[in-house]
Amino acid sequence: MELDALDHKLLTAFPGKVVRKDLLQQIKGGENVPSYVLEYLLGRYCSSDDPGEIQAGIAAVKDTLQKHYFRQDEANKAQALVERNGRHRFIDRIDVRFMPSETKYWAAMENFGYARIHIADDFHRRYERLLEGGIWAMIDLEFVAPDEQGKGASPFHVVDIKPIQLARFDFDEFCAGRRTFSTEEWLDVLTRSVGLEAARLDARQKMLMLTRLVAFVEKNYNFIELGPRGTGKSYAFSEISPYAILVSGGKASTANLFYNNARRKVGLVGHWDVVAFDEVGGMKVTDPDAIQIMKDYMANGRFSRGVTQVHADASLVFVGNLNHPVEVLVANAGTDLFQPLPKEFDLAVIDRFHFYMPGWEVPKNSKAILTEHYGFVTDYLAEAFRVLRKQNRFDALEGRFRLGSHVEGRDANGIKRSVSGLLKLLHPAGDADKSGLRACLELAMEGRRRVKEQLKKRGSFEFNKTTFTLIDAVDGREAVVAVPEQGGKGAISPDPLPPGTVYTAFVDEESRVGLVRLEVATATGTGKLRTPSGMQKGMKESLLRAWSLLQSVKERQGLAQGLAQKDFAVEGVDLSGGGADGDCGVAFYVAIVSALQDRAVQPGTVILGDVSVQGNIKMLPSIGEALQIALDNGALRGLVPIGNKSQVAGLPEEVAEKLDIVFYGDVDRAVAKAVGA
């Protein structure tokens, strides 16, 4: 492998703390050892750019593994080795359990295959995570013959434990090294450090990958990633830090996760920086208290068990697979992007997620995206994350940006946590400029808006405010932050449409925002109107009002003959996928006249507003949400009742600038302006 400029720069800035990431794959082979354990060894022996030293280091690592690492099927061999030699060092996962019937603590080693190993109380007091899932470590075991202890006693004793982690970390040195890189270069370094080749990912993919690391640097962060299989969702939480634990799908009990009343001990959240749940779709919640405690913990970082108030810092991560294409889940009114979650995860739980990472945008794992270049030794990076975790960047937006009116309390909290975490990762010294801050803010707002869009889709009125905007605190300019899969997907065609086709947008009585394409087709007939049986009630009523109005003015408008000789079939296509049902009589009126006169509506036009049977235009309570969804989906111009003209001043700047807003006072003017007459 030929070193590139970034390799040389990294080796110069962080000597002894980086390693070639492809060496991990050479060493690991079929061994079930976490990456951070192997990189701990690689960092000791192979942190060099000299080919000879690297080869010697690889040999040393392999020799260490051969002598001290045993597979589970080699358990008898490992036990016999201790018996013959009296003492041996192992690389293994060790945990400790308390046996109440014996009032004694016993250690168990995963691959050593023995669950009753004597261990001094000092070890589990010094390393509390031994009691909560265990740790990977170098363990010295000693053999004491049973006849020296009494019949039936265990012969194995833990003599020493050295956790697989860095002994010393200098944060000032870390920050000084970071200053020698640009932000783009540093993002590439972090991408390579998790084993991926930055050159094979675009800027957005690299930033999305970075969000997986926020939970390591931000306390009490609630993160969810759902997407296709094989995208490495669980890797980050099982392989790159000794301070994270991955809980495979299964039962989630209060005692295991939060607090064990019998032992009076805090669960996993009190002993790990990150508790990640793999295959969350298969998670079974058998304890009715678990979800309520989870809600309290996700909201406040604390919970109560009896008279005990417990505080903890662990971030919660949920990863799982989507079983349907994201386009289907977004477009279908009966599904949403939280489809795989257990039924116990109600609106209150979902609302506590700070960030939803769109896993469908991440490429699937393959050799093509794995890096051969240098990155940080994982345990060094893990220690950097631990130091950053103690810092607080919640005030990063002060004096630079404000959040718009739709960003409510829980939204703002989630966004600020995400911004804080992203800034720690990209700018550990706290020296981000305004453009760097904005990039982090926009991604943070997108991740939280994705959560809220799904809550709104589930039909809850309280989550209707999803038009997230950021405001420059200096010049007051406001910009909307969209969600790629939700808006901006080109649902509104910029090309000419057939006569009789019109786009409309509205907000219904439940505050759901709808975007609909109305299609009116004509055929030789006797003036009948045919509507589909599945049309929403509100839309159907507004269609009938528009039809009645057209019948009352057909003579004056010169449309009587055409109406009498044709039949009209009307269809409404829901483009927003939320099942919204609103009033759109003016759009129906324009569509029917467009079809009747064979005159197409101007491309990219969206028509807002309703009309009474007497022709009076009904102004909308608010035009902001309807125009926003229109713009997000490619609209070029919007026809708006003149009664709503005063609301234009309050529109987000992006909407006011990018949409050509045209006002009308009656249906005849609406028709003329829609077709460009």
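Here, the structure is the one placed above.
In this report, the structure presented in the accompanying data block is examined. (Residues numbered from 1 in each chain as written. Predicted model: local features only at pLDDT ≥ 70, side-chain atom pairs only at ≥ 80, totals over all residues. Heavy atoms only, no water.)

## With respect to helix α18 (residues 434-457)
Compared with the 34 Å implied by 1.5 Å per residue over 24 residues, the 34 Å span of α18 between its first and last C-alpha is a close match. Counting buried residues along α18, 19 of its 24 residues qualify, which places the element largely inside the surrounding structure. (Helix = DSSP H or I, 4+ residues; strand = E, 2+ residues; numbered from the N terminus. Expected span 1.5 Å × (residues − 1). Buried < 20%, exposed > 50% of the residue type's maximum accessible area, 1.4 Å probe, protein only.)

## Looking at the state of the cysteines
Under the defined criterion, the tally for this structure stands at zero disulfides. Here C175 stays unpaired: no disulfide links it, and the sulfur of C440, its closest cysteine neighbor, is 16 Å away. C175 sits in the buried class, given a relative accessible area of 5%. (Disulfide = S-S within 2.5 Å.)

## Examining unusual backbone geometry
Although it is not a glycine, E279 adopts a positive phi angle of roughly 50 degrees. Relative to the elements of secondary structure, E279 occurs in the loop between β11 (274-277) and α13 (288-300). With a phi close to 55 degrees, D598 is a non-glycine residue in the positive phi region. Examined against the element boundaries, D598 turns out to sit in the loop between α21 (585-597) and β24 (605-607).

## Digging into the sheet that holds strand β19 (residues 478-480)
Ordered in space as β17-β18-β19, the three strands form an open sheet in which the pairing is antiparallel. Edge strands, defined here as strands with exactly one partner in the open sheet, are β17 (401-403) and β19. Averaged over all pairs of adjacent strands, the angle between strand axes in this sheet comes to 25 degrees, irrespective of strand direction. As defined by bridge partners, β17 adjoins strand β18 (residues 469-472) across three bridges and the pair is classed as antiparallel. Looking at β18, one finds that L403 is bridged to L470. (Pairing = 2+ DSSP bridges. Axes fitted to C-alpha atoms, helices over the stretch in contact; angles between N-to-C directions.)

## Regarding the nonpolar core
Formed by 88 residues in total, the largest nonpolar core has its most connected members in F14, F174, L210, F237 and F376. Looking at this core element by element, the count peaks at seven residues for helix α17 (residues 409-426). In this structure, A252, A314, F338 and L455 belong to the second largest nonpolar core, which totals 44 residues. (Core = buried A, V, L, I, M, F, W, Y, C linked by side-chain atoms within 4.5 Å.)

## Some points on the packing of α17 against α18
Where α17 meets α18, the axes come as close as 8 Å, and the angle between the chain directions of the two elements is 140 degrees. The angle between α17 and α18 places the two elements in the oblique class. As for the relative orientation of α17 and α18, their crossing is right-handed in sense. Together, R410, D411, I415, S418, V419, L422, L423 and L426 of α17 and L437, C440, L441, L443, A444, M445, R448 and K452 of α18 make up the contact between the two elements. Along the lines of polarity and charge, the residues of the contact of α17 with α18 split into 11 nonpolar, one polar and four charged. (Parallel < 35°, antiparallel > 145°, perpendicular 65-115°, else oblique. Left-handed = near helix turned anticlockwise from the far one by under 90°. Contact = heavy atoms within 4.5 Å. Nonpolar A, V, L, I, M, F, W, Y, C, P; charged D, E, K, R; others polar.)

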